[in-house]
Amino acid sequence: MTNVLPVAARPGSILVRIVQRGIAALDRIPGGFIALAARIFPAAVFWQSGETKVAGWHLKPSAISLFENEYQLPLIDPTIAAYVSAFSEHFFPILLVIGLATRFSALALLCMTAVIEIFVYPSAWPTHGVWATCFLVVIARGPGSLSLDHLIARKYQ
């Protein structure tokens, strides 16, 4: 019996060439662009969350109430947790967006994501998984060429 490939699966077929060209085009997406997206989009989520906790430069009383009544984190005072959270949700996203201390910032927000997942909203794992994936890309591959970290590294190489 002869092994005969269907026309669509033959190495020289038009379908195979189209798929190969499509893959080649996708391979040309710049890593710096992917890293920038992995930094900006989860940073925006954390920034927006931080904005709900503050009014100007002050922590809203509702933020402390949120930590007392809804989040109920173990081992940390709700007032301290509210202040740390509000600070972290503003400070680390700024660093992520500009690409400064990027891996450290992504790690900090990954830890925050883990706390949220484990202690606050365990059923939101699909959303937290997306955030964690973005942070892991940045931690493992770096901030990319569109970052201050990249400029600083180039200066000292």
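Residues numbered from 1 in each chain as written. Predicted model: local features only at pLDDT ≥ 70, side-chain atom pairs only at ≥ 80, totals over all residues. Heavy atoms only, no water.

> Explain the nonpolar core residue by residue, including any values.
Ranked by internal contacts, the top residues of the largest apolar core, which has 27 residues, are Phe-46, Leu-59, Leu-109 and Phe-135. Those elements that provide at least two residues to this core are α2 (31-51), α3 (61-71), α4 (78-98), α5 (102-120) and α6 (125-141). (Core = buried A, V, L, I, M, F, W, Y, C linked by side-chain atoms within 4.5 Å. Buried < 20%, exposed > 50% of the residue type's maximum accessible area, 1.4 Å probe, protein only. Helix = DSSP H or I, 4+ residues; strand = E, 2+ residues; numbered from the N terminus.)

> Tell me what's going on with the packing of α2 against α4, and back it up with residues and numbers.
Helix packing geometry: the angle between the two helix axes and the distance between the axes. The contact between α2 and α4 brings their axes to 8 Å, and the two run at 155°. The angle between the axes of α2 and α4 places the two elements in the roughly antiparallel class. Crossing geometry of α2 relative to α4 is assigned as left-handed. The residues of α4 that touch α2, namely those facing Arg-39, Ile-40, Ala-43, Phe-46, Trp-47, Ser-49, Gly-50 and Glu-51, are Glu-89, His-90, Pro-93, Ile-94, Leu-96, Val-97 and Ile-98. Taken together, the residues of the contact of α2 with α4 sort by class into nine nonpolar, three polar and three charged. (Axes fitted to C-alpha atoms, helices over the stretch in contact; angles between N-to-C directions. Parallel < 35°, antiparallel > 145°, perpendicular 65-115°, else oblique. Left-handed = near helix turned anticlockwise from the far one by under 90°. Contact = heavy atoms within 4.5 Å. Nonpolar A, V, L, I, M, F, W, Y, C, P; charged D, E, K, R; others polar.)

> So what's going on with the side chain of His-128? Residues and values would help.
Structurally, the position occupied by His-128 is in helix α6. The contact partners of His-128, leaving out residues within four places of it in the chain, are Thr-113, Ile-116, Glu-117 and Tyr-121.

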